[in-house]
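Spelled out, the chains give:
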Amino acid sequence: MAKPIADMLIVGGGVNGCGIARDAAGRGLKVILCEKNDLAEGTSSRSTKLFHGGLRYLEYFEFRLVREALRERETLLAAMPHIARPMRFVLPFHPSMRFEGGTPASRLLGRFMPWLRDRRPAFVIRLGLFLYDHMGGRKILPPTRRLNLRKDEAGQALNGAFRKGWEYSDAAVDDARLVVLNARDAQRLGADIRTRSEVVAARRQANFWEVDVIGPKGPETLRARLVVNAAGPWVGGISAKLSPRSERGLRLVRGSHIVVPRIFGHDRAYILQGPDGRIVFAIPYHEDFTLIGTTDVDHRGSPDQVNCSDEEVRYLCDFVSRCFEKPVLPSDVVWRYAGLRPLLDDGAGDARSATRDYSLDLEQNDRAPLLTVLGGKITTYRKLSEAAVDLIAPLFTSCKAAWTAMAPLPGGDFDPGQADALAQALTRRHPQLPPATSRRLIRAYGTEALVMMEEGPGADLGGGLHEAELRWMVEREFATTLDDVIWRRSKLGLRVAPEGRRKIRACLERLILEQSRYRRQ
């Protein structure tokens, strides 16, 4: 007997795929999502972990993209106060600063002021910050202010070359948890979320698709009226299985990051410019660390083989060492990672200048429709998801109106100012939880941390991970491997010793076995 037909089968469990699944399920559509690995295992867990408008995109005159991202920034902060938080960014200024080579802004300025010779003067930076403050309807975030780096605390970590700068607002986000929470909410709304389920073939009929999938239980054929290809860097490979038609090209750009022990004592981030015009961030990360990135390098190989090279590590270390008083060495790096940005190939000569915008390509041709998602950035994932479902909504008479703009993600139903009080309440209920662990749990799970710990934390498995949290990850967050747990659902891989990892793996295997037995009953 043929399997029931779903309205939509989504290929790809990254931020766009899970965002579309959540939006569509909330509008009443029957959704299946297939991800060949873990949720957010690719690009969506390997970002710079920011909700930002993209200050440097103003120099490429990407005004629509920046405006949309800035508007979304505050919408997302309100929807997920546990995993996203406002952050102030320090932009040090030096007269030698230059534009990234060949930007539209540098060419325009050079036409009227050729004596500047590609320099990025202070008045241009201030103009950009003024636009950044006002073009997105900023409401909750504070505006830009000028800094005297000789007196401000932010200047103490920098070398003596920087005397002035500015401070502006953006936001930090836990990117992998963003994906998991979207998947969880989609599942709550009726979506069938299938991890470790690879699409291997597809047959297009007049009114539906037959899609062959190999998952944990073996091969299976699923049927859906519409397929959405949201596979990110793998979109080309999936397109070859779905449609012979060649669409707009994808440009794979590798962005590498390093994490080092904390190199400054305050909670602001830095946006730094090097002599090559590149921009690199240095961001406070999980209290004891600093996240540094990113590079922009065209990736020519398989999307399955992506690594932060030794050369990129040296580049990032040398970059920030030119700016900070204390040098950062490759031996300081405690973690490195790299991800591929699946960008629209707009013909830009340099990877840095490739657009971060997105495209939605709906192909019908009197047969079952196919929607292909190209490009995008994490800050605009919700708008992309909403636009994608709006585009296919006329195909389904039962599709409801857009709804996600005002809807919090699981655990995000609290005022941001309550976060410390929630952490303190968690420690009072469970004194065995250190305050730092309670803060981490609230930042990861929000109000759901209180539900998670209702029956007690259980054994400490290492690095502050307790059995109750691990059980939650297995039963509600699709975790099946050690990496799922310590690098995507949490970042406790930065803290867990080898013995702790063995304990976590053993407990994880036991919990998965228990869950399997429960489902068979």
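Structural notes, computed from the coordinates.

Reading the values: rules and limits
- Residues numbered from 1 in each chain as written.
- Predicted model: local features only at pLDDT ≥ 70, side-chain atom pairs only at ≥ 80, totals over all residues.
- Heavy atoms only, no water.
- Helix = DSSP H or I, 4+ residues; strand = E, 2+ residues; numbered from the N terminus.
- Expected span 1.5 Å × (residues − 1).
- Buried < 20%, exposed > 50% of the residue type's maximum accessible area, 1.4 Å probe, protein only.
- Contact = heavy atoms within 4.5 Å.
- Disulfide = S-S within 2.5 Å.
- Salt bridge = Lys/Arg side-chain N within 4 Å of Asp/Glu carboxyl O.
- Patch = residues over 30% accessible without salt bridge, like charges linked within 9 Å, V, L, I, M, F, W, Y side chains within 5 Å.
- Areas by Shrake-Rupley, 256 points an atom, 1.4 Å probe, with all protein chains shown as cover.
- Axes fitted to C-alpha atoms, helices over the stretch in contact; angles between N-to-C directions.
- Parallel < 35°, antiparallel > 145°, perpendicular 65-115°, else oblique.
- Left-handed = near helix turned anticlockwise from the far one by under 90°.
- Nonpolar A, V, L, I, M, F, W, Y, C, P; charged D, E, K, R; others polar.
- Core = buried A, V, L, I, M, F, W, Y, C linked by side-chain atoms within 4.5 Å.
- Phe/Tyr/Trp six-rings, centres within 6.5 Å; stacked < 30°, edge-to-face > 60°.

This part covers helix α2 (residues 63-79). A rise of 1.5 Å per residue sets the reference length of α2, with its 17 residues, at 24 Å; its end C-alpha atoms lie 25 Å apart and thus fit the reference within 8%. Regarding α2, the residues found buried are L65, V66, E68, A69, L70, E72, R73, E74, L76, L77 and A79. Each element contacted by the buried residues of α2 is listed here: β3 (50-51), β4 (84-93), α4 (122-134), β6 (164-173), β17 (358-363) and α8 (381-392).

Here the structure, examined in full by the defined rule, presents zero disulfides. Here C34 stays unpaired: no disulfide links it, and the sulfur of C18, its closest cysteine neighbor, is 11 Å away.

Quick look at the pattern of salt bridges now. One pass over the structure, following the stated rule, counts 50 salt bridges. One salt bridge in this structure joins R251 and D298, with 2.8 Å as the shortest N-O distance. Separated by 47 residues along the polypeptide, R251 in strand β11 (residues 250-261) and D298 in strand β15 (residues 297-298) bring together distant segments of the chain. A relative accessible area of 10% places R251 in the buried class. For R502, the salt bridge is made with E499, and the minimal N-O distance between the two is 2.9 Å. Of the two residues, R502 and E499 both sit in helix α14 (residues 498-520), three residues apart, roughly one turn of that helix. Overlapping salt bridges, with partners in common, bring together D38, E41, R196, D484, R488 and R489 in one network.

Looking now at unusual backbone geometry. Cis geometry is adopted by the peptide bond preceding T294, which originates at G293 and carries an omega value of 20°. Here T294 is to be found in the loop between β14 (289-293) and β15. Positive phi values are uncommon outside glycine, yet A40 reaches one of about 60°. Within the secondary structure, A40 is located in the loop between β2 (31-34) and β3.

Another point: a nonpolar patch on the surface. Taken together, the side chains of F61, F63, L108, F112, L127, F130 and L131 make up a nonpolar region of the molecular surface, amounting to roughly 660 Å² of accessible area. Within the residue set of the nonpolar patch, elements represented by two or more residues are α3 (104-112) and α4. At three residues, α4 tops the list of elements feeding residues into the nonpolar patch. As for its placement among the helices and strands, F63 is situated in helix α2. Here F63 falls in the partly exposed class, since its relative accessible area comes to 34%.

Let's shift gears to the environment of A224. Relative to the elements of secondary structure, A224 occurs in strand β10 (residues 218-229). We classify A224 as buried; its relative accessible area is 1%. In this structure the C-alpha to C-alpha distance between A224 and V211, which are 13 residues apart in sequence, comes to 8.0 Å. In this view, A224 contacts I5, A6, M8, L9, F208 and W209; residues no more than four positions away in its chain are not counted.

Attention shifts here to the packing of helix α9 (residues 419-429) against helix α10 (residues 435-445). The angle between the axes and the distance between the axes are what describe a pair of packed helices. With their axes 8 Å apart at the nearest point, α9 and α10 run at an angle of 125° to one another. As far as their axial angle goes, α10 and α9 are oblique. As α9 packs across α10, the resulting crossing turns out to be right-handed. Of the residues in α10, those touching α9 at A419, L422, A423, L426 and T427 are P435, S438, R439, L441 and I442. Its residues assigned to classes, the contact of α9 with α10 shows seven nonpolar, two polar and one charged.

Counting residues in each nonpolar core, the largest one holds 63 residues, and the members touching the most others are Y168, L426, Y445, L470, V485 and I504. Per-element tally for this core: the top contributor is helix α12 (residues 467-476), with five residues. Apart from the residues within four sequence positions on either side, V485 is in contact with L465, L470, M473, A479, S490, I504 and L508. Membership of the second largest hydrophobic core comes to 49 residues, among which are I10, V31, A176 and A388.

Here we take up the packing of helix α1 (residues 15-26) against α8. Direction vectors running N to C along α1 and α8 enclose 55°, while the axes themselves pass 8 Å from each other. Regarding the angle of α1 to α8, the classification is oblique. Judged by the twist between their axes, the crossing of α1 over α8 is right-handed. Facing α1, whose interface residues are V15, N16, G19, I20, D23 and A24, α8 presents Y381, L384, S385, E386, A388 and V389. For the contact of α1 with α8, a count of residues per class yields seven nonpolar, three polar and two charged.

Another point: the packing of aromatic side chains. For the structure shown, the criterion picks out 11 aromatic pairs. Both rings, one in F93 and one in W166, keep their centres 5.9 Å apart while their planes meet at 70°; by these two values the pair is edge-to-face. Separated by 73 residues along the polypeptide, F93 in strand β4 and W166 in strand β6 bring together distant segments of the chain. F93 sits in the buried class, given a relative accessible area of 9%. Each ring, one from Y132 and one from Y168, has its centre 5.6 Å from the other, and the planes form 90°; the classification is edge-to-face. Of this pair, Y132 sits in helix α4 while Y168 sits in strand β6, and the two are 36 residues apart along the sequence. The exposure class of Y168 is buried, given its relative accessible area of 1%.

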